[in-house]
Amino acid sequence: MVRVREAPVDEVTGRAPHRVLGVSYGYHDSSACLVVDGKVVAASAEERFTRQKHDANFPTYAIEYVLDVAKVRPDELDQVVFHEDPHVKFARVLTTVLAPFPSSRLEFVNSLKAWLGRKLWSLNQISSRLDVGPEKIGYLSHHFSHAVQAFMGSGFDEAAILIVDAVGDWACSAMYSGAWRDGKPVVERVVEVAFPNSLGLVYSAFTAFLGFTPNDSECSTMALGGFGRPVYADRVREIVRALDDDSYEVDQRYFNFANFYKGAFTQRFVDVFGPPRHFRDKLPFSCFGEPGEISPDMQRFADVAASVQLVLEERILGLARQLHAKVPSKNLCFAGGVSLNCVANYELMTRSPFERLFIPPDPGDGGTSVGVALYASALAGHGAPAEMPYGPYVGAAFDEADDVAMLDHLDPKHVLQYLKRGLERPTSGARLQHQSFDDRAALARAVAERLVAGQIVGWYRGRAELGPRALGNRSILIRPDDTALATRLSRHVKDRAPFRPYAFSITSEDAPRAVDLTPDQARMNRWMQVAVPVREEARPRLASAVHVDGSTRVQICHADENPAYHALLTEVGERLGLGAVLNTSFNASGYPIVQTPAEALSMFARTDMDSLVLNDTLVWKQS
Amino acid sequence: MALLDKLKVWFAVKLAWSDEARLAEAVRGFQATEADGVWHLHRGLARVRDPRHRAILFAHSLEEEAHAEEFAYTYNQIGERAMTPATYERSDLYGAAEPTWKLFAYVHVGERDATDRFRLIQQTLDESLLKRALSRIVSDEEGHVDLTHRMLIEMGATDRQIRGEVRRVRLARLWEAWLRVGKRVVDRLSTVLLSVSYFLIGPFLFLFARRRLAARFVEFDNCKLKRL
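Would you take a moment to explain the overall build of chain A for this structure?
The secondary structure content of chain A amounts to 21 helices and 21 strands. Going through the 623 residues of chain A one by one, you find that 60% of them count as buried. Partitioning the intrachain contacts of chain A with sequence separation of at least 6 by distance along the chain shows that 74% fall at a separation of at least 24.

What should I look at first to understand the overall build of chain B in this one?
When helices and strands are counted, chain B shows six helices and one strand. By the compact-globule yardstick of 17 Å for 228 residues, chain B is too spread out, its C-alpha radius of gyration being 23 Å. Viewed in the frame of its principal axes, chain B has a C-alpha envelope of about 70 × 50 × 30 Å. Relative to its full complement of 228 residues, chain B shows a buried share of 33%. Put simply, 73% of the contacts in chain B that link residues at least 6 apart link residues at least 24 apart.

Got a minute to help me understand unusual backbone geometry in this structure?
Only a minority of non-glycine residues have a phi that is not negative, and only a minority of peptide bonds are not trans. All names here are of chain A. A cis amide bond links Phe101 with the next residue in sequence, Pro102, at an omega value of 10 degrees. By secondary structure assignment, the location of Pro102 is in the loop between α3 (86-98) and α4 (105-117). A cis amide bond links Phe195 to the next residue, Pro196, at an omega of 10 degrees. The phi angle at Asp37 is positive, at roughly 50 degrees, despite the residue not being glycine.

Explain the interface of chain B and chain A to me, please; I cannot follow it from the model alone.
Quoted interface sizes are often the accessible area lost when the parts come together. At the junction of the two partners, chain B supplies 50 residues and chain A supplies 63 residues. At the level of secondary structure, the elements contributing two or more residues to the side of chain B that touches chain A comprise α2 (20-45), α3 (51-78), α6 (159-214) and β1 (226-227) of chain B. The element contributing the most residues to the side of chain B that touches chain A is α3 of chain B, with 13 residues. For the side of chain B that touches chain A, the residue count by class is 26 nonpolar, nine polar and 15 charged. Here two bridges tie strand β5 (residues 137-139) of chain A to β1 of chain B, and the two strands are oriented antiparallel to one another. Bridged to Gly138 of chain A within β1 of chain B is Arg227 of chain B.

Would you take a moment to explain the nonpolar core for this structure?
It is characteristic of soluble globular proteins that their nonpolar side chains tend to be buried jointly. Residues and elements named next belong to chain A. With 259 residues, the main nonpolar core has Leu34, Val66, Ile161, Leu162 and Ala373 as its most contacted residues. A total of 14 residues in this core trace back to one element, the largest contributor, which is helix α11 (residues 296-326). In this view, Ile161 contacts Ala147, Ala150, Phe151, Met175, Tyr176, Ser177, Gly178 and Cys333; residues no more than four positions away in its chain are not counted.

For this particular structure, what's the right way to read the domain arrangement of chain A?
Residue and element names in this part refer to chain A. Domain annotation for chain A reports domain 1 (1-152 + 368-382), domain 2 (199-358) and domain 3 (401-622). Taking only C-alpha atoms, the centre of domain 1 and the centre of domain 2 are 29 Å apart. With 14 residues of domain 1 in contact, the opposing surface of domain 2 contributes 11 residues. Mapped onto the side of domain 1 that touches domain 2, the elements with two or more residues apiece are α3, α4 and α6 (142-152).

Sorry if this is basic, but what is going on with the pairing of strand β15 (residues 474-478) of chain A here?
Successive side chains on a regular strand alternate, one facing one side of the sheet and the next facing the other. Residue and element names in this part refer to chain A. Within β15, five of the five residues are buried, leaving the element largely enclosed by the surrounding structure. Every second residue of β15 is oriented toward a common face, with Arg474, Ile476 and Ile478 on one face and Ser475 and Leu477 on the other, all of them buried. As judged from the four bridges shared by strand β14 (residues 457-460) and β15, these two strands associate in the antiparallel manner. Residue Trp459 lies in a different strand from β15, and its bridge partner there is Ser475. The sheet contact formed by β15 and strand β19 (residues 580-585) spans four bridges and is antiparallel. Residue Ile476 lies in a different strand from β19, and its bridge partner there is Thr584.

Is there a simple way to think about the sheet that holds β5 of chain A in this case?
Strand pairing in a sheet relies on backbone hydrogen bonds, with the paired strands running either antiparallel or parallel. Strand order in this open sheet of six strands is β3(A)-β2(A)-β1(A)-β4(A)-β5(A)-β1(B), and the pairing throughout is mixed. Two strands lie at the open edges of the sheet, namely β3 (39-45) of chain A together with β1 of chain B, each paired on one side alone. Taken together, the six bridges between strand β1 (residues 19-24) of chain A and strand β2 (residues 31-36) of chain A define a ladder with antiparallel strand orientation. Residue pairing in the sheet places Val23 of chain A in a bridge with Ala32 of chain A of β2 of chain A. Taken strand by strand, helix α2 (residues 60-69) of chain A contacts β1, β2 and β3 of chain A, and its axis lies near 155 degrees from that of β3 of chain A. Across the face of the sheet, helix α5 (residues 122-130) of chain A comes into contact with β1, β4 (79-82) and β5 of chain A while running at roughly 145 degrees to β4 of chain A.

Where do I start with the packing of α4 of chain A against α6 of chain B in this structure?
A pair of packed helices can be characterised by two numbers: the angle between their axes and the separation between those axes. For the pair α4 of chain A and α6 of chain B, interaxial distance at closest approach is 9 Å and the crossing angle is 125 degrees. The angle between the axes of α4 of chain A and α6 of chain B places the two elements in the oblique class. Here α4 of chain A runs over α6 of chain B; the crossing is right-handed. On the side of α4 of chain A, the interface is formed by Arg105, Phe108, Val109, Leu112 and Lys113 of chain A, while α6 of chain B contributes Ser190, Thr191, Leu194, Ser195 and Tyr198 of chain B.

I keep staring at α5 of chain A and nothing clicks. Help me out?
Residue pairs three or four apart in sequence face the same way in an α-helix, which turns once every 3.6 residues. Residue and element names in this part refer to chain A. Within α5, the full set of buried residues consists of Ser122, Leu123, Ile126 and Leu130. Along α5, the residues classed as buried sweep out an arc of 105 degrees about the axis, all on the same side. Looking one or two residues past α5, Asp131 carries a phi angle of roughly 55 degrees, positive in sign.

Which parts of the structure should I look at to understand the confidence of the model for chain B?
Any segment with low pLDDT has predicted coordinates that should not be analysed in fine detail. Residues and elements named next belong to chain B. This prediction gives chain B a mean pLDDT of 89; 100% of its residues lie at or above 70. Mean pLDDT in chain B bottoms out at helix α1 (residues 2-14), which sits at 84, and peaks at α3, which reaches 93. ipTM for the predicted complex: 0.92, alongside a pTM of 0.94.

How should the environment of Glu89 of chain B be read in this particular structure?
Within the secondary structure layout, Glu89 of chain B lies in the loop between α3 and α4 (100-124). Filtering out sequence-adjacent residues up to four positions away, Glu89 of chain B remains in contact with Asn57 and Phe58 of chain A.

What should I look at first to understand the sheet that holds strand β13 (residues 431-436) of chain A in this one?
Residues and elements named next belong to chain A. The strand order across the open sheet built from nine strands is β13-β21-β20-β14-β15-β19-β16-β18-β17, with neighbouring strands paired in mixed fashion. What marks the edges here is a single partner per strand, and that holds for β13 and β17 (531-533). Direction aside, the axes of adjacent strands within the sheet are offset by 35 degrees on average. One ladder, built from six bridges, connects β13 with strand β21 (residues 617-622); its direction is antiparallel. The partner of His434 across the bridge, within β21, is Val619.

For this particular structure, what's the right way to read the pairing of β21 of chain A?
All names here are of chain A. Taken together, the four bridges between strand β20 (residues 611-614) and β21 define a ladder with antiparallel strand orientation. Each bridged residue has a counterpart across the sheet, and for Val613 the counterpart in β21 is Leu618. In this structure, the hairpin formed by β20 and β21 is closed by a connection of two residues, where Asn615 is found at a positive phi of approximately 55 degrees.

So what exactly am I meant to see when it comes to the packing of α11 of chain A against helix α12 (residues 342-351) of chain A here?
All names here are of chain A. Between α11 and α12, the shortest axis-to-axis distance is 9 Å and the interhelical angle comes to 40 degrees. Two packed elements cross with a definite hand, and for α11 against α12 that hand is right-handed. Taking contact as the criterion, the partners of Gln309, Leu312, Glu313, Ile316, Leu317 and Ala320 in α11 are, on α12, Val343, Ala344, Glu347, Leu348 and Arg351. Considered class by class, the residues forming the contact of α11 with α12 number seven nonpolar, one polar and three charged.

Help me understand the environment of Val107 of chain B, please; the structure alone is not making it clear to me.
Structurally, Val107 of chain B is set in helix α4. Residues Val107 of chain B and Val166 of chain B lie 59 residues apart in sequence; the distance between their C-alpha atoms is 9.9 Å.

Thresholds, definitions, all that
The written sequence of each chain sets the order in which its residues are numbered from 1. The order in which chains are written sets their letters, starting at A; the order in which ligands are written sets their numbers, starting at 1. Local features in this predicted model are restricted to residues of pLDDT 70 or higher, and side-chain atom pairs are both shown and tallied only at a pLDDT of 80 or more, whereas totals for entire chains, interfaces and linings draw on every residue. Numbering of helices and strands runs from the N terminus; a helix is a DSSP stretch of H or I covering at least four residues, while a strand is a stretch of E covering at least two. Three exposure classes are used. Buried residues have 20 or more other C-beta atoms within 10 Å of their own C-beta, exposed residues have 12 or fewer, and partly exposed residues fall in between, all C-beta atoms being placed from the backbone. Contact between two residues is assigned when their C-beta atoms, built from the backbone, lie within 7 Å. Computation of the radius of gyration draws on C-alpha atoms, with the globule rule given as 2.2 Å multiplied by the number of residues to the power 0.38. Three classes are used, and their members are as follows: Ala, Val, Leu, Ile, Met, Phe, Trp, Tyr, Cys and Pro are nonpolar, Asp, Glu, Lys and Arg are charged, and the others, Gly among them, are polar. If DSSP finds at least two bridges between two strands, the strands pair. Structurally, a nonpolar core is described as a collection of buried Ala, Val, Leu, Ile, Met, Phe, Trp, Tyr and Cys residues joined by way of C-beta atoms within 7 Å. Segmentation of the chain into domains, including their bounds, is taken from an automatic or database domain assignment. Between N-to-C directions, angles cover 0 to 180 degrees, with each direction set by a line fitted to C-alpha atoms, over the stretch in contact for helices. Put simply, angles under 35 degrees are roughly parallel, angles over 145 are roughly antiparallel, angles from 65 to 115 are roughly perpendicular, and the rest are oblique. The hand of a helix crossing depends on one turn: near helix anticlockwise from the far one by less than a right angle means left-handed, and clockwise means right-handed. Directions from the helix axis toward the C-beta atoms define the arc. Residue-level confidence of the predictor is summarised by pLDDT, bounded by 0 at the bottom and 100 at the top.

Printed below as a string of structure tokens:
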């Protein structure tokens, strides 16, 4: 059982609380969320517990955790809601694998094995695994789940809702209107674009073409685009055609969305864009200094990335215009996997007809469990728009005492023997020392000193964040102006390609000195979801956390949202003149963000990190 | 049994793995085994209070993590695509109430099996990146076998208890292997049945499917909370 440090359950109200469990699993990023009386009590992705990135299996451990936080047994749940309609999705899968007959036998066989063996019975599986009666099990279609995920936590009374994803049950992108009537949410469909017209799948196909892992490394495509010019944009526009109504259509002759075993793209695609990149061919681009020698082929890949990025932004803006024409609201809620594209989000924030944008903390599939649970709770009469917004800090928290106690018994020789590949010896030694702090301010001061001295610091505190962004509870931090340090971080800690930029966190007080945003836009930039331009004059102070195009994914940190992290940023500000740090997620390449103190210590010991904060304990390496 | 194992490994190494894709897939499996070990060690770690025992498990997990990384590196040198780790549904080996020495017994059996198998593969392989990786890993794993055995004794488990638990773990692993074989047989059978079905229903349905996929919009409204 997970050891939970704090159990943020509401005070007893005198009546039995209404409890809804949201569940998502089956394709990628399984998760669970518990909502009690319309408020998110806990939510987590399964991958955090199983250490398997994008884990799609039944979220056993995530469910165990969220129920444990509220001390709820499965039989005490009022409702369990699943994030997709397995019957409709099965029909779509069957249609997809039959259409290319007779060349899709392998797809047919493997898809049907998965579906008839397991996925089609997801709802029954939930019922039997939790021992909850079928009368308590509900479900929503996949894109509708995304729609309620985007709307329910927004705090808006009414909004237009845009969902852009790879594919759900049948839809690939979709538009809805959301409003509250008589205390209940009313989310209605405007239009749903059907499979295989998918912007998400197109972007993933380009990701595969560029030698990255589709469904995982789309962020690399986005980053690579910063080094290119969109010279192939017209060709991409021909493939993803804009229609008169601002909608789009994907030319299927370039993709294998139905015959996925044949690869994501066709020979016709290669005829247009040239041979694909092999994943072992090193990309010479760097965010932190002089690039290597850039061959025409490597420049071609950057140009292709820039082109598909540009066209994606155009099509999303087109969809936003189309949506605004049908739902003329000031508010836009945006979710689905494509909403993780922070460069496109900037276009949406600044150039769409909407005034306010809301993207939930985890806008991908992992966050649908939150949306469906909030929605079911609200339909049952619990919660109002002002009460439902939730922050990212709803994951598990762990006590560090036992792990810190073990450090005194750890042999430094052993640590040295199993360092991360490519690292001969950690810069600051291998003996792990520690000190506990009763005073949060003293801890913030000590860590700020270390950051300013050029250390790489792991910052692990409190409850884990929901979603893919580390927002100051499971983060690795360095001072934001040192590009050599950022190179060390990429090479010897994160194992990350140098063309991928970092982002920074900044106090809400100092943010106007670094980025030029309206108050509404600043509100949208609390969770690193939008790549915004950094002020020219602030760039030298933030050099290691700014992309070559001068943009960054900023986290504007407010004291009331994350007091401990805000205190640290303030201390850094007193020393460097700007309350900002480079903030990257606390995980190694290919692994989920660390969950327990032991996992944090493991990464700390094996890599070139210098110091580590585990809740109220500071750990450091000594020679 | 040993001869059968040798034969199995010889056939795998000399015949099946001459195909690089199959070799890469095997390495991916080794990576998953080591990563799985790390996960189980961390789950065990969370239940152990004695700081020294925790430190031993933690140090052990660092080694297994390094091994997983070594296999991932090897895969990325021989595979056609960057490695995406294999994933499967995790479950704990022991309940929270069970004594720690039982966890060590499980780890001991797992390490011994892995050592024997990796050593056999390493000896059969020709000079290669994988052979060099396995040489390093086998020597670590041999250390683990000794260490876990020492820990079992140190934790006060009697010889009889250890033998009993090791036997239980072995039986459980045998049962898992049997289930895996059964699953493979069913998998092959279902492949045949579904292939036949494909050619039986495909000719009648593929035109309908193509027409359905030509639609630009989803025609039905599926936007309500439904019940099982």
